[in-house]
Amino acid sequence: MENTEKRNEEYLLYVERETPKTGWFNSLLHAFLVGGMICCLGQMFGDIIKAYNPTMDMLRVSAWISIIIITITILLTAFGVFDRIAKFGGAGTFIPISGFANSIASCAIEFKNEGLVFGIGSKMFFVAGPVIVNGVAYSIIVGLVYSLILLF
Amino acid sequence: MKRLGKQTLEVVNNCYIIGRGSLVGEKEKNGTFRKYMEYSTDDDKMGEKTFEKGERKMLRLINKRAIKDAELLVDDIDIYLGGDLMNQLVSSNYVAEVLQVPFVGIYSACSTITASIGIAASLIDGGGFKNILCSTISHFSSAERQYRYPLEFGNQRQSYSQWTVTAGGGFVISSKKSPIKITKICFGRVQDFGVVDIANMGAAMAPAACDTLCNFFADTKTKPSDYDFIATGDLGKLGSDILRDLMKKKGFLLEQNYSDIGHSIYSFDEESYQGGSGAGCSASVLATYIIDKLLDGTFKKVLLVATGALMSTISNQQGDSIPSVAHLIELEKS
């Protein structure tokens, strides 16, 4: 048994050495370009909305920006374009709200064949589910800390 | 059947491949073996509603072609052996229902084809059966949704991952004489060297291929240079490099006559990372390139070692490492 462990350890180290690494510079550059582009687009939509409705408050403007970005992402996902952009952009497409929209839309498209309830209904959050659970869990922690601070 | 050494079986009564059929997808058609790929389809779904139904239709066509190529009728087939990558082997099960011949499903992941042919050769050698149909298939889209993420989900693959091929191959194994003779078979032992990363299947499977090959060479007292062509199933570029290293340590040098089908199935301008993987990888290339080359006399003696990673999504999510196996068949031109 000990022999196996030693053998595996050596083998895994060897595999680690042999496995090609992804160039971090390229990944960062791509993410910066694509992510930055998405954010610029958002800013552009915000400025346009603001220009037409000068009285609208910033909170509502940013809600509209999110809605527009989500709609565009879902359309691009449905046309099969988004995964190509994401392959290039990596985290640049995943971190903005576009990544979240894509993860839900792609699941909904994929599991359509299994029916409305057990397909789309239950599999839609297959990728996004953990993110939502995480968000809720952290917001509870933050809320507790915040209310404790307010006590004193 | 004669036992050689620990693991190898020699086929004593003659056993031949008399029919073959293959079908590949668009990406595979444009790959390295494009000259040899006879049948291909540009429609992943084959006009059906889902990828799974499309996969079944492809498998049905493959079987039909193999039986036709053998100049037999479905009624002449004594038993059908085969499998695929879907849970519970659904593709093969549904196809077997249509065929209406006795059926045994075989799951050995990507090494299904050599496992099936090995078992078929043993059954023929035993004398009970005359014609056996073996086939397998893998489909990129249906495998992707079972093992990984939805197709349209935007993520980056690791540079060391592989691309499941949309391809399949079928064979009719028979006691009737033909130029392609199955001479030896060697079923492999399951190996697990602790690789957990599901994207790095080449590294997980290389030890299994090494174990089977080394035992086979020891059992038969041969060496790699005795063969015109040695092919592994779907180790990919990384996996085949690892196999070369592992074999070198054991004292066997894999040289020019060695090639990995997964590594070479896609041409270099196609985006496929380390190469192809999947049950159809070795099956489709055996049904086309390898048998063509045997027939025209370029190869006289060929070893095919198909490798299979035997994990499931559940074992993987629970953090277990990937066990793998490799089965070998030796083909000769008679």
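Residues numbered from 1 in each chain as written. Chains lettered and ligands numbered in written order. Predicted model: local features only at pLDDT ≥ 70, side-chain atom pairs only at ≥ 80, totals over all residues. Heavy atoms only, no water.

Once that is clear, we can look at helix α9 (residues 279–295) of chain B. Residue and element names in this part refer to chain B. Along its 17 residues, α9 runs 24 Å from first to last C-alpha, staying within 8% of the 24 Å computed at 1.5 Å per residue. If you look at α9, its biggest bend is around 45°, right at Leu286. The buried fraction of α9 is high, at 15 of 17 residues. Residue Gly297 follows α9 closely and has a positive phi angle near 90°. (Helix = DSSP H or I, 4+ residues; strand = E, 2+ residues; numbered from the N terminus. Expected span 1.5 Å × (residues − 1). Bend = angle between axes of the 7 residues up to and from the residue. Buried < 20%, exposed > 50% of the residue type's maximum accessible area, 1.4 Å probe, protein only.)

Let us now look at the side chain of B:Ser315. Here B:Ser315 lies in helix α10 (residues 313–317). Looking at B:Ser315, its side chain comes within polar contact range of the main-chain oxygen of B:Ser312, at 3.1 Å. (Polar contact = N/O pair within 3.5 Å; in protein donor to acceptor, adjacent residues only side chain to side chain.)

All names here are of chain B. Buried residues dominate strand β13 (residues 301–309), accounting for eight of its nine residues. Examined bridge by bridge, strand β10 (residues 229–232) and β13 share four bridges and lie parallel to one another. When the bridges of β13 are listed, Thr232 appears paired with Val305. With nine bridges joining them, β13 and strand β14 (residues 324–333) adopt antiparallel strand pairing. Residue pairing in the sheet places Ala306 in a bridge with His327 of β14. (Pairing = 2+ DSSP bridges.)

Moving on: the pairing of strand β6 (residues 131–138) of chain B. Along a regular strand, successive side chains alternate from one face of the sheet to the other. All names here are of chain B. Along β6, eight of the eight residues are buried, which leaves the element largely enclosed by surrounding structure. Across six bridges, the pairing between strand β4 (residues 79–84) and β6 is parallel. What sits directly across from Gly82, in β6, is Ser135. Taken together, the eight bridges between β6 and strand β8 (residues 167–174) define a ladder with antiparallel strand orientation. What sits directly across from Ser138, in β8, is Ala167.

Let us now look at the packing of aromatic side chains. Overall, the coordinates contain 17 aromatic pairs over all chains when judged by the stated rule. Residues A:Tyr11 and A:Tyr14 carry aromatic rings whose centres are separated by 6.2 Å and whose planes lie at 40° to one another, so their mutual orientation is tilted. Of this pair, A:Tyr11 and A:Tyr14 both sit in helix α1 (residues 2–18), three residues apart, which is roughly one turn of the helix. Judged by its relative accessible area of 4%, A:Tyr11 is buried. Aromatic pair B:Tyr149 and B:Phe153: ring centres 5.1 Å apart, planes at 55°, arrangement tilted. Since its relative accessible area comes to 39%, B:Tyr149 is described here as partly exposed. With relative accessibility at 6%, the residue B:Phe153 sits in the buried group. By way of ring pairs, the aromatic residues B:Phe33, B:Tyr36, B:Phe229, B:Tyr289 and B:Phe299 are connected into one cluster. Across from the ring centre of B:Trp163, 3.9 Å away, lies the NZ or CZ of B:Lys27, which sits over that ring. The ring of A:Tyr14 carries B:Lys249 above its face, with NZ or CZ at 5.1 Å from the centroid. (Phe/Tyr/Trp six-rings, centres within 6.5 Å; stacked < 30°, edge-to-face > 60°. Lys NZ or Arg CZ within 6 Å of the ring centre and 35° of its normal.)

On to the domain arrangement of chain B. Residues and elements named next belong to chain B. Segmenting chain B into domains produces domain 1 (2–174) and domain 2 (182–333). The C-alpha-based centres of domain 1 and domain 2 are spaced at 17 Å. Tallying the contact residues gives 56 residues for domain 1 and 61 residues for domain 2. Counting across the interface, domain 1 meets domain 2 through one salt bridge. Two residues, Arg20 and Asp292, come together in a salt bridge whose shortest N-O distance is 3.0 Å. At the junction of domain 1 with domain 2, the criterion picks out 28 residue pairs in polar contact (both at pLDDT 80 or more). Taken together, the elements giving at least two residues each to the side of domain 1 that touches domain 2 come down to β2 (8–10), β3 (16–24), α1 (26–29), α4 (112–126), β6, α5 (140–147), β7 (163–164) and β8. A per-element tally of the side of domain 1 that touches domain 2 places α4 first, with eight residues. (Domains from an automatic or database assignment. Contact = heavy atoms within 4.5 Å. Salt bridge = Lys/Arg side-chain N within 4 Å of Asp/Glu carboxyl O.)

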